[in-house]
Amino acid sequence: MADPLLSVRDLVVEFPTRRGTLRALDRVSFDIMPGEVLGMVGESGAGKSITGAAIIGLIEPPGRIAAGEIRLKGERIDNLRPEALRKIRGKRIGMVFQDPLTSLNPLYTVAQQLIETIRTHIDCSEAEARKRAVALLDRVGIPAAARRIDDYPHHFSGGMRQRVVIALALCAEPELVIADEPTTALDVSVQSQIIEVLKDICAERGAAVMLITHDMGVIAETADRVAVLYAGRVAEIGPVREVITEALHPYTRGLMGSIPTLTQESDRLVQIPGAMPRLNAIPQGCAFNPRCERAFAPCFTERPELLALDGGRRVACWLHDTAKASEVPHG
Amino acid sequence: MAEPLLKIEGLTRRFDVSKPWLNRVIERDEKQFLTANADVSFEIAKGETFALVGESGSGKSTIAKMVVGLLPPSAGTITFAGQTIDTAAGIPRSLRRRFQMIFQDPFASLNPRWRVGEIIAEPIRTFGLMNPTDARKEAARLLEVVGLSANDVTKFPHEFSGGQRQRIAIARALSSKPEFIVCDEPTSALDVSVQAQILNLMRDLQDEFGLTYLLISHDLSVVRHMSTRIGVLYLGRLVEIAQAKKLFTEPQHPYTRMLLDAVPDLALSGRRRRAVEGEIPNPISPPPGCAFHPRCPLVHDRCKREVPLPRPTPIGQAACHALDAVATA
């Protein structure tokens, strides 16, 4: 197997508060291969966005990376100095945020913002940068790009702005694009256009994508593999199709059943009782144990580690640990 | 069909979005109006769930607000249980008790300074349905009905999560014993696992109390799961009304088809999503004729001149000239 483009190992992110330290991420590990689309799903507060922010070095103080390491092509990037990090951010890792209105500067034209970004990372003339910017806008599907490039962000609609943001994220030809809920603020008809553009343009340039979203439908149609987060921990990672159709972790299974689909016939949705624990009250053992129907003795005492199974799947659940599972009273 | 519970005819709402008077005089501008809804008509039978879907700006929430009387319509009539509501005079109190609303954001719709018991008992007090002691007991009972604890009456809204707050909002809506509840994006602010809990609860309550819902949502899979019939809105006009399950298998209007093609689905059917062309136009200056014609694959000359009228289809009704052509050919 090829070397991973991005490798995250035992990442811990902590936020010190008056009432003690909160662990937003607790030993999260995963890899992203070159050119791969990795989906990252979970409910609010599961740690999806924090994972993205940690990789690109944007954890807001007093939050900090307390342990673990992040490697980009084998080189550690979690402990770099701010100047060194700034060279990676934008150049080697691009970022697309949720809200296209706040990620563009309203006082500068799109041209100014694109040209500035291109010239920061690539050594070229103003005219050359402008040519690149126009080509890029054209590629992300902005009609009459050569004329519209001199417009301000407020001249564009939500979907068009998100296209500009994608162009901005890709203008320095990064190896990895982190897209944090890129379509959540958009309507379905526009959402499909944006996902298409993001997927095609990244495939064209061989950039890997980390797609953070709570929308399983988007993941199902876009990602190659998916990681499911729960309470700051990875519950399960695997190829999209397998995780959706035959989830291993009871949480993933409940999550998939709770989503209404366009084809199902059942009258009731699967219901996971309760809600995700708060970060200051994560139960001992497996974080999911109070809501799990199949919890047994070890779930309440020991935290399950990510187990590697066949077919590139990994799951953190004692039910799949052969030594422990023999203790389950009912198969 | 029996007498519908709610009947809406020719409902129209325009908003004045003109510049201030002086600017208009100096710049010689006309007054400008945004038509949020134009000529919307539908009926809801007792015990059914009627859903309205559409993209942002299609006028879903404006209809909800007009139905519950938060906004007066510019034209059209609303008839509830056989009684036509005089929109200028407001909704009479006797009718007002019989419908309620659940809002999208459970953080904004509950007063943070009130205890949960008072919040739930407010409609009871307003309509003078019970004495204060009974109202308190009723609030506690309703909390149990929606799956919370009776002891929660003394807590404040900030002590609850989003899903729990939405349960409180539902308990409040139930307290005046309504027959009809307007749900404006009731689960859009919630996570999927919590959304499933709330949707299941809404269904159980419907069976238990014989409620009728008007469900407003942009999420087609939620709508399909919940509703009996669906109305599809585009730029303030109803383009199609159909039985819920049939709409997804045999959509008639080209816009409905396009919308369905765009929905990402968990089923992994392997279908390549057809990316939709274009975006929803500016509602201040909508295209003439059928508002959908600039994006429509079946467009012909007539669509650019005449607004299509609703026509019956095998699964309901749709407003499209292309469908007329098929019917007459």
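In case you missed it, the structure is sitting above this.
Just so it is clear, the model here is predicted, and its values are computed rather than measured. (Residues numbered from 1 in each chain as written. Chains lettered and ligands numbered in written order. Predicted model: local features only at pLDDT ≥ 70, side-chain atom pairs only at ≥ 80, totals over all residues.)

S.K.: What is the right way to look at the overall build of chain A in this model?
M.R.: Secondary structure assignment for chain A yields eleven helices and twelve strands. In summary, chain A has a C-alpha radius of gyration of 21 Å against a globular reference of 20 Å for 331 residues, a match within 12%. Per-residue burial over chain A gives 47% buried out of 331 residues. (Helix = DSSP H or I, 4+ residues; strand = E, 2+ residues; numbered from the N terminus. Rg over C-alpha atoms; globule rule 2.2 N^0.38 Å. Buried ≥ 20, exposed ≤ 12 C-beta atoms within 10 Å, placed from the backbone.)

S.K.: Looking at this model, I keep getting lost on the interface of chain A and chain B. Mind explaining?
M.R.: Frequently, the measure chosen for interface size is the accessible area removed from exposure when the parts meet. In this assembly, 34 residues from chain A lie in contact with 32 residues from chain B. For the side of chain A that touches chain B, the class distribution of residues is 14 nonpolar, 13 polar and seven charged. (Contact = placed C-beta atoms within 7 Å. Nonpolar A, V, L, I, M, F, W, Y, C, P; charged D, E, K, R; others polar.)

S.K.: Would you take a moment to explain helix α1 (residues 48–55) of chain A for this structure?
M.R.: In an α-helix, one turn spans 3.6 residues, which is why side chains three or four residues apart end up on the same side. Residue and element names in this part refer to chain A. Among the eight residues in α1, eight count as buried, and that is most of the element. By the burial criterion, the buried members of α1 are Lys48, Ser49, Ile50, Thr51, Gly52, Ala53, Ala54 and Ile55. Phi turns positive, to about 75°, at Gly57, one or two residues after α1.

S.K.: I keep staring at the sheet that holds strand β3 (residues 49–53) of chain B and nothing clicks. Help me out?
M.R.: The strands making up a sheet associate through backbone hydrogen bonding, with each pair oriented either parallel or antiparallel. All names here are of chain B. Read across the open sheet, the eight strands follow the order β6-β7-β8-β3-β9-β10-β12-β11; overall the sheet is mixed. Where the open sheet ends on each side, the last strands, each with one partner, are β6 (99–102) and β11 (311–313). Taken over all neighbouring pairs, the strand axes of this sheet differ in orientation by 25° on average, direction set aside. Pairing geometry for β11 and strand β12 (residues 316–318), over three bridges, is antiparallel. By the bridge assignment for β12, Thr313 is matched with Gly316. (Pairing = 2+ DSSP bridges. Axes fitted to C-alpha atoms, helices over the stretch in contact; angles between N-to-C directions.)

S.K.: Please clarify how the nonpolar core should be interpreted in this entry.
M.R.: What tends to happen in soluble globular proteins is that the nonpolar side chains get buried as a cluster. Counting residues in each nonpolar core, the largest one holds 185 residues, and the members touching the most others are Ala167(A), Leu176(A), Val177(A), Val209(A), Leu211(A), Tyr230(A) and Ile181(B). Leaving out residues up to four positions away in the same chain, Val209(A) has contacts with Val37(A), Val177(A), Ala179(A), Leu198(A) and Cys202(A). (Core = buried A, V, L, I, M, F, W, Y, C linked by C-beta atoms within 7 Å.)

S.K.: Just to check I follow, could you spell out the environment of Met202(B) for this structure?
M.R.: Relative to the helices and strands, Met202(B) resides in helix α7 (residues 192–209). Between the alpha carbons of Met202(B) and Arg167(B) there is a distance of 9.5 Å; along the sequence they are 35 residues apart.

S.K.: Sorry if this is basic, but what is going on with the environment of Arg92(A) here?
M.R.: Its place among the elements puts Arg92(A) in the loop between α2 (82–88) and β6 (93–96). Here the alpha-carbon distance between Arg92(A) and Ala54(A), two residues 38 residues apart in the chain, equals 15 Å.

S.K.: Is there a simple way to think about the sheet that holds strand β10 (residues 233–239) of chain A in this case?
M.R.: Residues and elements named next belong to chain A. Read across the sheet, eight strands follow the order β6-β7-β8-β3-β9-β10-β12-β11 without closing on themselves; strand pairing throughout is mixed. Because the sheet does not close on itself, it has two edges, and the strands there are β6 and β11 (307–308). In the packing of helix α6 (residues 158–170) onto the sheet, the strands contacted are β6 and β7 (176–180), and the crossing angle to β6 comes to about 170°.

S.K.: For this particular structure, what's the right way to read helix α6 (residues 162–174) of chain B?
M.R.: All names here are of chain B. With 13 residues, α6 should reach 18 Å at 1.5 Å per residue; the first-to-last C-alpha distance of 19 Å fits that figure. Where burial is concerned, most of α6 is hidden: twelve out of the 13 residues are buried. Those residues of α6 that are buried are in contact with β6, α4 (116–126), α5 (132–145), β7 (180–184) and α7. (Expected span 1.5 Å × (residues − 1).)

S.K.: Whenever I open this one, the environment of Ala144(A) confuses me. Can you help?
M.R.: Note on placement: Ala144(A) falls in the loop between α4 (126–139) and α5 (145–148). Each C-alpha atom of the pair Ala144(A) and Ile195(A) lies 21 Å from the other, and the pair is 51 residues apart in sequence.

S.K.: I keep staring at unusual backbone geometry and nothing clicks. Help me out?
M.R.: Working note: non-glycine residues mostly have negative phi, and peptide bonds are mostly trans. Omega for the bond connecting Pro61(A) with Pro62(A) falls within 30 degrees of zero, at 5°, which places this linkage in the cis form. Its location among the elements puts Pro62(A) in the loop between α1 and β4 (64–72). For Lys73(A), which is not glycine, the phi torsion reads 50° and is therefore positive. Within the fold, Lys73(A) resides in the loop between β4 and β5 (75–76). Although it is not a glycine, Lys177(B) sits at a positive phi angle of roughly 50°. Mapped onto the elements, Lys177(B) comes out in the loop between α6 and β7.

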